[in-house]
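# Working through the structure, step by step
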Amino acid sequence: MKSLVRVLLVSGAAFAALVSTGALDVEVHWRDSVARAVDLFGHGDSKAVPAAADSAAADGGSGAFWKDGSNTPPITPTGVPNTFADLAERLSPGVVNISTKKTIAARSLEDFFPFPFQEPFGSGPSGEHKQQVPSLGTGFVISPDGYIVTNNHVIEDVDSITVRFVDGKELPAEVVGRDPKTDIALIRVKSDQPLYALPLGDSDSVRPGEWVIAIGNPFGLEHTVTAGIISAKHRNIEQGLYDDYIQTDAAINPGNSGGPLLDLAGAVIGINTAINPRANTIGFAVPINMAKEILPQLRTTGHVTRGWLGVVIQKITPEIAEEFELKEAKGALVSKVDPKGPAAKSGIEQRDVIREFDGQPINDFDDLPRLVARTPIDKKVDVVVIRDGKTKKLTTVVGALDEPELTKAAVKPTEGGSNAFGLRVQNLTPELAEQLGLGSDASGVVVSSVEPGGPAGEAGLRRGDVIVEVDRHEINDTGSLEKRLAETDERALLLVRRGDSQLYVPLKRKVS
């Protein structure tokens, strides 16, 4: 028996050796189908089935080149609710209806229907008269002693505020503090009994796809509950410097403003603030963590004092990155430095690209205003910039922002100087400077017209812009502008003054 086993082993090894060297060609027949041994060493004349045929055979002849189905078990969403009723019932006492009255100037009917349609003998006064206009919004209680959060636009410049609770009780409220930049306001009512306060959650930890509910008073329909998910985070909807909204598909309508966006634990993770009127179920909420940063200031001082760097910045587009020889379109480009600001004192210069502030990366220019604003006044921070292709670390002391001196550029430059660049210019006279709101010491050349569809128009230049520099050379009159543009090749980098802002605009010469 052992001899037989040895013979079979030796025969099998010899057979495998012959196949591997190509000396032996093997075909296996099974029900008129042929499978061949593949010659991995390139010996002999292979009759292997073509790869395309192999693929067709593998997919059953359908020709599909994708994978059907998944071997991964389905993911059941964590905490899928059977009902939102218990949650809504528990939280409703902390959500309030805010009704306000505001006096506005209105014109009387006599201005539209003059004599002989006036009352006899002019018994009614003509011109403007005052009338009170009611408005509705939502808020939520954050402390038992009566502090309530809502939107600034709900209570801004109103004459009176009345807060109504779910049990029908009504209390007058006073404004404690408000912040138009984030549209957050803090009001207070005085109650004989402690109020039910909603807990505040952590908006940084929530993720797109998580369940949320909104409670509010859309169109005056009190305590309406809607449910959905977080659709996205960090949305910029061009409402201001500090846009960082949570997007949700939980239905939000007029009257929901100031109401809470809540997670399934009943914690507030956002303040419902804005909607897209051209779309269904696209609403936006201010992250509650942003509110947490400013609510203490609103309570103690009534307003918010933010950090200030003293620069005007703009977005870095691929064209800007190419012009400045940057490896990637990241950071905030400094287009203007306030000579009296913290940035100037620390050595930050125009044309610097800020890539890091206080240890935090600046990937998009929107990141910088938010980081600077939340930085404590007088704090010393490191700022990393790219200057002429080299990385530099500077140290600055954050100042206090009293006015919106840290602003975004008003245009996002794309592609795009006299005729060759699709624009016409004229010298800046003292009269023009006054019309444009510029100082008597202003210099440059004024854009008088922009060719529709031309390079300058596509780059975002506008009538009334003042061109200050071309390729780092100062421009004082149209002659110097024409000279510099004539010396450029296919592109020119303009420094443009627009109101109180300055921005870089790259242009491309017309294609002839």
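Below, the structure is looked at part by part. Since the structure is predicted, the reported quantities are computational estimates derived from the model, not experimental observations.

Secondary structure summary: the chain contains eleven helices and 28 strands in total. Counting all 512 residues of the chain, 41% fall into the buried class. On the chain, roughly 28400 Å² of surface is accessible, and the fraction owed to carbon and sulfur atoms is 52%.

Right, let's talk about the packing of aromatic side chains for a bit. Applying the stated criterion across every chain yields a total of three aromatic pairs. Relative to Trp211, the ring of Phe84 has its centre 5.6 Å away and its plane inclined at 55°; by these criteria the two rings are tilted. Note that Phe84 is positioned in the loop between helix H2 (51-58) and helix H3 (85-91) and Trp211 in strand E9 (residues 211-216), a separation of 127 residues in sequence. On the basis of an interplanar angle of 80° and a centroid distance of 5.7 Å, the ring pair of Phe324 and Tyr504 is categorised as edge-to-face. The class of Phe324 is buried, set by a relative accessible area of 12%. Exposure remark for Tyr504: the relative accessible area of 1% places this residue in the buried category. Lying over the aromatic face of Phe165, Lys169 brings its terminal NZ or CZ to 5.5 Å of the ring centre.

Let us now look at the pattern of salt bridges. Enumeration according to the criterion identifies 18 salt bridges in this entry. When the shortest N-O distance is used, the salt bridge between Asp179 and Arg306 registers 2.5 Å. Of this pair, Asp179 sits in strand E7 (residues 170-179) while Arg306 sits in strand E15 (residues 306-308), and the two are 127 residues apart along the sequence. Measuring nitrogen to oxygen at the nearest pair gives 3.3 Å for the salt bridge that ties Arg370 to Asp367. Taken together, the positions of Arg370 and Asp367, both in helix H8 (residues 367-374) and three residues apart, correspond to about one turn of that helix.

Our focus in this paragraph is the nonpolar core. Counting 26 residues, the largest nonpolar core has Ile184 and Ile271 as its most contacted members. At the level of secondary structure, the elements contributing two or more residues to this core comprise H3, strand E5 (147-150), strand E8 (184-189), E9, strand E13 (268-275), strand E14 (283-287) and helix H5 (288-300). Examining the composition of this core, we find that six residues originate from one element, H5, more than from any other. Setting aside chain neighbours within four positions, we find Ile271 in contact with Phe140, Val149, Asn151, Ile184, Gly258, Gly259, Phe284, Ala285, Val286, Ile288 and Ala291. Counting 20 residues, the second-largest nonpolar core is a separate cluster that includes Phe357, Leu368, Leu371 and Val398.

About the cut-offs
Numbering of residues begins from 1 in every chain and follows the order in which that chain's sequence is written. Selection of residues for local features in this predicted model requires a pLDDT of at least 70, selection of side-chain atom pairs for listing and counting requires 80 or more, and totals for whole chains, interfaces and linings are taken over all residues. Note that the side-chain values use all heavy atoms of the structure and ignore hydrogens as well as water. The secondary structure listing takes helices from DSSP runs of H or I that are at least 4 residues long and strands from runs of E that are at least 2 residues long, numbered from the N terminus. Here's how the labels work: a residue is buried when its accessible area is under 20% of the maximum for its type, exposed when over 50%, partly exposed in between, all with a 1.4 Å probe on protein chains only. Note on areas: Shrake-Rupley, 1.4 Å probe, and residue coverage restricted to the protein chains presented here. Planes of paired rings set the category: under 30 degrees apart is stacked, over 60 is edge-to-face and the rest tilted, where pairs are Phe, Tyr or Trp rings (Trp by its six-membered ring) whose centres lie within 6.5 Å. Remark: a charge is flagged as sitting over a ring if the NZ atom of Lys or the CZ atom of Arg is within 6 Å of the ring centre and within 35 degrees of the ring normal. The term salt bridge refers to a pairing of a side-chain nitrogen on Lys or Arg with a carboxyl oxygen on Asp or Glu at a separation within 4 Å. We define the nonpolar core as a collection of buried residues of types Ala, Val, Leu, Ile, Met, Phe, Trp, Tyr and Cys that are connected through side-chain atoms lying within 4.5 Å of one another. The criterion used for residue contact is that any of the two residues' heavy atoms lie within 4.5 Å.

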